[in-house]
Amino acid sequence: MDYLERVLEKLREWARELIDSLFGPETEPEPELIPIPVHERNNRRR
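No experiment lies behind these values; they were computed from the predicted model shown.

Q: For this particular structure, what's the right way to read the overall build of the chain?
A: Of regular secondary structure, the chain possesses one helix and zero strands. Looking at the chain as a whole, 0% of its 46 residues are labelled buried. As presented, the chain carries roughly 5,800 Å² of accessible surface, and 56% of it is formed by carbon and sulfur atoms.

Q: Explain helix H1 (residues 2-23) to me, please; I cannot follow it from the model alone.
A: Because an α-helix completes one turn every 3.6 residues, residues spaced three or four positions apart along the sequence face the same direction. Compared with an ideal rise of 1.5 Å per residue, which puts 22 residues at 32 Å, H1 spans 31 Å between its outermost C-alpha atoms and is within 8% of the ideal. Within two residues after H1, Gly24 carries a phi angle of roughly 90 degrees, on the positive side.

Q: Looking at this structure, I do not really get the pattern of salt bridges. What am I missing?
A: Opposite charge on two side chains allows them to pair when their charged atoms are near. By the definition in use, this model includes four salt bridges. With a shortest N-O distance of 3.2 Å, Arg12 and Glu9 are connected by a salt bridge. A residue pair is termed a helical-turn pair when its members lie 3 or 4 positions apart in one helix, as Arg12 and Glu9 do in helix H1 at three residues. With its nearest N and O atoms 4.0 Å apart, the salt bridge here joins Arg16 to Glu9. On the accessibility criterion, Arg16 (44% relative accessible area) is partly exposed. The network of salt bridges with shared partners includes Glu9, Arg12 and Arg16.

Q: Mind showing me how you'd approach a nonpolar patch on the surface here?
A: Where nonpolar side chains cluster on the molecular surface, the patch consists of Met1, Tyr3, Leu4, Val7, Leu8, Leu11 and Trp14 and spans about 800 Å² of accessible area. Within the fold, Leu4 resides in helix H1.

Rules behind the numbers
- Residues numbered from 1 in each chain as written.
- Predicted model: local features only at pLDDT ≥ 70, side-chain atom pairs only at ≥ 80, totals over all residues.
- Heavy atoms only, no water.
- Helix = DSSP H or I, 4+ residues; strand = E, 2+ residues; numbered from the N terminus.
- Buried < 20%, exposed > 50% of the residue type's maximum accessible area, 1.4 Å probe, protein only.
- Areas by Shrake-Rupley, 256 points an atom, 1.4 Å probe, with all protein chains shown as cover.
- Expected span 1.5 Å × (residues − 1).
- Salt bridge = Lys/Arg side-chain N within 4 Å of Asp/Glu carboxyl O.
- Patch = residues over 30% accessible without salt bridge, like charges linked within 9 Å, V, L, I, M, F, W, Y side chains within 5 Å.

Structure below.
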């Protein structure tokens, strides 16, 4: 049984690689940007 599990796992890896090569890697959701407060100076240099 262990041999069959290893064969199935290898087939899954090959299938993933084939799909990635044909359609590109799986898309991951873009991380949501966290706004960073910026304190503007009232006395700006010109």
